[in-house]
Amino acid sequence: MKPLDDTIAAVATPPGEGGIAIVRISGPLARDTARGLLRSAAAGPPELSPRHATFLHAVNPSSGELLDEVLAIWMESPASYTREDVLEIQCHGGRASANAILDAVLSLGARLADPGEFTLRAFLRGRLDLVQAEAVADIIHARTSEALSVHEKLLAGALSKTVAGWQDALGSVLVHLESHLDFPEEELELASAAELAPTLDEVIAQMKLKLASFAWGRAAREGFRVAILGRPNAGKSSLLNRLAEDERAIVSHLEGTTRDTIEVQINAFGAPVSLIDTAGLREAGDEIEEEGVLRAKRAAAEADLLLLVFDGSRELVAGELDAALLAAGGKQALAVVNKSDQGAIPQEALLCAFGEILSVSALTGDGVEGLLLAIRNAAWSGRGAGGGEPLTRIRHREAVSRALSSVEAARDLLFSGGMADAAANELQRARRELKTLLGWGEPDDIIEKIFSEFCIGK
Ligand SMILES: Nc1nc2c(ncn2[C@@H]2O[C@H](COP(=O)(O)OP(=O)(O)OP(=O)(O)O)[C@@H](O)[C@H]2O)c(=O)[nH]1
Ligand SMILES: [Mg+2]
């Protein structure tokens, strides 16, 4: 892990041209950096008051040459993002000014920050726990306002608070059990175990609810994966283009047009969705098409939802339905009958197999909004489980699953003979898992990996 006692600096805004750019400095040299870099407009020393923006000149510390006119914001430890002294300099956008200022800052003793190192410091100094720090990265990557609101709640500490509640409840049971451990030869009386059961049951129920929230939490964070499958010429690529409102995939009347999978990001009424177009499913005519069909099957295996597209302008081809069901492999799927503008041919077999079919026209857009809504509903199914703040990462799910197993084991031990010491061990294990979920005791390499996914300057 990098040391905490030096001063880090980075450009916090993305490269490219924009109105302003921000250079961020955190650590013990922040104050001296301000003195060396900034001048009042009358060329005097900078007068910075905490949490105020001050209009100043940034100059080359050795030559005094003007680099840019800036706004400087001074935040004194511990009232800052990192809990260290922080200086933020807003300069003109584009690369030149921010880079010149960063160079000057580095010449005054700071070093270049690693990705996510400001947030890492906020975590190591106890301002954020690991779930909150992860939420910071996820806010930056959020693609829809609903996904954003999930991560904002996690940053505000919603999950952390729930976990603290579990810790307290398990702690109170532990205190009770440990008072019995002084007399290990005495078995915990069943009446006493029965008193503890409701607390454990409540924690178990809440943990199960949280685990059930993982599917939509993951969809909010990573995007819900939807693969479009069907025979050549069913209109899969046309549908992708229509849903993406962009001509991303080649469309043609020739069968077997699409070979590679094509992925686009769309917003399905608030749900972030990765939509994947695939090669038409049939006996491949050549080696390239064969590879395309393999890739289509792989995309189907990795998807959360399948759109099985049928050409509504003609009868089903022999074996078409069976091939589609085989490709679906029991996965959640919507039957989409395309080309409704060509007149609907009754598709009794589809109705029998799926119960419901969505009739659309990729050409006119008819029915496409209903399809988008159905995708959203699938992505957000189970939403509300977990009290509105889902588990969003596998790391969360694994920690809560392990904690749950231990709490369940503790409950069983109490009721099968009142084994207080063994139950206490399980509860301590559960509490350790929950502590790790919040980052305390999580190994350095896992922490470093999490922060390495951050942007520079965050
Ligand atoms: N009338 C009508 N034609 C459509 C519709 N959707 C697609 N088509 C036409 O159907 C043909 C095939 O469309 P594609 O989108 O390329 O079909 P595909 O399923 O991607 O085909 P492959 O890539 O070969 O598997 C094209 O000529 C499209 O213009 C629709 O809703 N109505
Ligand atoms: Mg296609």
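Heads up: the structure comes first, above all this text.
How each quantity is defined
Residues numbered from 1 in each chain as written. Chains lettered and ligands numbered in written order. Predicted model: local features only at pLDDT ≥ 70, side-chain atom pairs only at ≥ 80, totals over all residues. Heavy atoms only, no water. Pairing = 2+ DSSP bridges. Helix = DSSP H or I, 4+ residues; strand = E, 2+ residues; numbered from the N terminus. Salt bridge = Lys/Arg side-chain N within 4 Å of Asp/Glu carboxyl O. Buried < 20%, exposed > 50% of the residue type's maximum accessible area, 1.4 Å probe, protein only. Donors = N, O, S within 2.8 Å, 3.2 Å for Na, K, Ca; no water. 1 Å grid on protein atoms, 1.4 Å probe; cavity = no way out; pocket = protein on both sides within 12 Å on 5 of 7 lines; lining within 4 Å. Points joined across faces, edges and corners; volume = space filled by probe spheres on them. Nonpolar A, V, L, I, M, F, W, Y, C, P; charged D, E, K, R; others polar. Near = heavy atom within 4 Å. Polar contact = N/O pair within 3.5 Å; in protein donor to acceptor, adjacent residues only side chain to side chain. Areas by Shrake-Rupley, 256 points an atom, 1.4 Å probe, with all protein chains shown as cover. Sits in = over half its atoms within 2 Å of the grid points. Axes fitted to C-alpha atoms, helices over the stretch in contact; angles between N-to-C directions. Contact = heavy atoms within 4.5 Å. Core = buried A, V, L, I, M, F, W, Y, C linked by side-chain atoms within 4.5 Å.

Looking at this model, I keep getting lost on the sheet that holds strand E3 (residues 38-39). Mind explaining?
By way of backbone hydrogen bonds, the strands of a sheet pair with one another, either parallel or antiparallel. Ordered in space as E3-E4-E5-E6-E2-E1-E7, the seven strands form an open sheet in which the pairing is mixed. Only two strands of the sheet have a single neighbouring strand rather than two, namely E3 and strand E7 (111-112).

Please clarify how the pattern of salt bridges should be interpreted in this entry.
Pairing of side chains with opposite charge becomes possible as their charged atoms draw close. In the structure shown here, the tally under the stated rule is 33 salt bridges. Of the charged contacts, one joins arginine 397 and glutamate 398 as a salt bridge, the two residues approaching to 3.2 Å between their closest N and O atoms. With a relative accessible area of 32%, glutamate 398 lands in the partly exposed category. Residues joined by salt bridges that share partners form a network here, namely Glu134, Asp138, Arg221, Arg393, Arg395, Glu442, Lys449 and Glu453.

Can you walk me through the coordination of the magnesium ion (ligand 2) in this structure?
Listed as protein donors to the magnesium ion (ligand 2) are Ser237 (OG) and Thr258 (OG1); their distances from the metal cover 2.0 to 2.1 Å. Of this pair, serine 237 sits in helix H9 (residues 236-244) while threonine 258 sits in the loop between H9 and strand E9 (262-268); the two residues are 21 residues apart in sequence, bridging distant segments of the chain. Side by side, serine 237 and threonine 258 carry an identical accessibility label, which is buried.

Even after reading the chapter, I still don't get empty space enclosed by the protein, so can you show me in this structure?
Per the counting criterion, the structure on display carries one cavity of 30 Å³ or more. Here the largest cavity is characterised by a volume of approximately 70 Å³. Around the largest cavity sit Leu229, Gly230, Arg231, Leu281, Leu308, Val309, Phe310, Glu320, Ala323 and Ala324, which together line it. Elements represented by at least two residues in the lining of the largest cavity include exactly strand E8 (224-230), strand E11 (305-311) and helix H11 (320-328).

Just to check I follow, could you spell out the layout of surface pockets for this structure?
Space inside the largest pocket adds up to approximately 390 Å³. What lines the largest pocket is a set of 24 residues, and nearest its centre among them are Asn233, Gly235, Ser238, Val251 and Lys339. The dominant element in the lining of the largest pocket, judged by the number of residues it contributes, is H9, at three residues. Put simply, the second largest pocket is a space of about 280 Å³. Around the second largest pocket sit 13 residues that line it, and Leu281, Arg282, Glu283, Lys297 and Ala323 are the ones nearest its centre. Mapped by element, the contributors of at least two residues to the lining of the second largest pocket are helix H10 (287-302) and H11. It is H11 that provides the largest number of residues to the lining of the second largest pocket, a total of four residues. When the residues that make up the lining of the second largest pocket are grouped by side-chain class, the tally is seven nonpolar, one polar and five charged.

Please clarify how the site of ligand 1 should be interpreted in this entry.
Around ligand 1 lies a shell of 24 residues, among which Lys236, Ser238, Gly256, Thr257 and Asp341 are the nearest. Here an oxygen atom of ligand 1 and a backbone polar atom of alanine 234 are 3.2 Å apart. Threonine 257 is positioned such that a nitrogen or oxygen atom in its backbone is 2.8 Å from an oxygen atom of ligand 1. Surface burial for ligand 1 is 88%, taken as the share of its 650 Å² of free accessible area covered by protein chains. The cavity that encloses ligand 1 is the largest pocket. The greatest single-element share of the shell around ligand 1, amounting to three residues, is contributed by H9.

Help me out: how do you make sense of the sheet that holds strand E10 (residues 271-277) in this one?
One open sheet accounts for six strands, arranged E9-E10-E8-E11-E12-E13; its pairing is mixed. Here the strands that pair on one side only, and so sit at the sheet edges, are E9 and strand E13 (357-359). Strand-to-strand twist in this sheet, taken as the mean axis angle between neighbours without regard to direction, amounts to 30°. Summarising the sheet, E11 and strand E12 (residues 333-338) pair through six bridges and their orientation is parallel. Its bridge partner being in E12, leucine 306 is matched across the sheet by alanine 333. Each of E8, E10 and E11 touches H10; the most contacted strand, E8, lies at about 140° to it.

I tried to follow the nonpolar core on my own but got confused; where do I start?
Across soluble globular proteins, nonpolar side chains have a tendency to be buried as a group. Within the largest apolar cluster, 36 residues are counted, with the highest numbers of intra-cluster contacts made by Leu243, Leu275, Leu307 and Leu371. Counting residues per element, this core draws most heavily on helix H13 (residues 368-379), at seven residues. If we skip the residues at most four places from it in the chain, leucine 243 touches Ile266, Leu275, Leu307, Val368, Leu371 and Leu372. In terms of nonpolar packing, the next biggest core, distinct from the first, is built from 35 residues, Ala193, Val203, Val407 and Ala410 among them.

Help me understand the environment of leucine 56 in this model?
In this structure, leucine 56 sits in strand E4 (residues 53-59). Classification of leucine 56 by relative accessible area gives buried; the value is 2%. Non-local contacts of leucine 56, meaning those with residues more than four positions away in its chain, are made with Leu38, Arg39, Ser40, Pro46, Leu48, Asp68, Glu69, Val70 and Ala72.

What's the story with the side chain of serine 237 in this structure? I'm lost.
On the accessibility criterion, serine 237 (9% relative accessible area) is buried. Among residues more than four places away in sequence, those in contact with serine 237 are Ala249, Ile250, Val251, Thr258 and Asp277.

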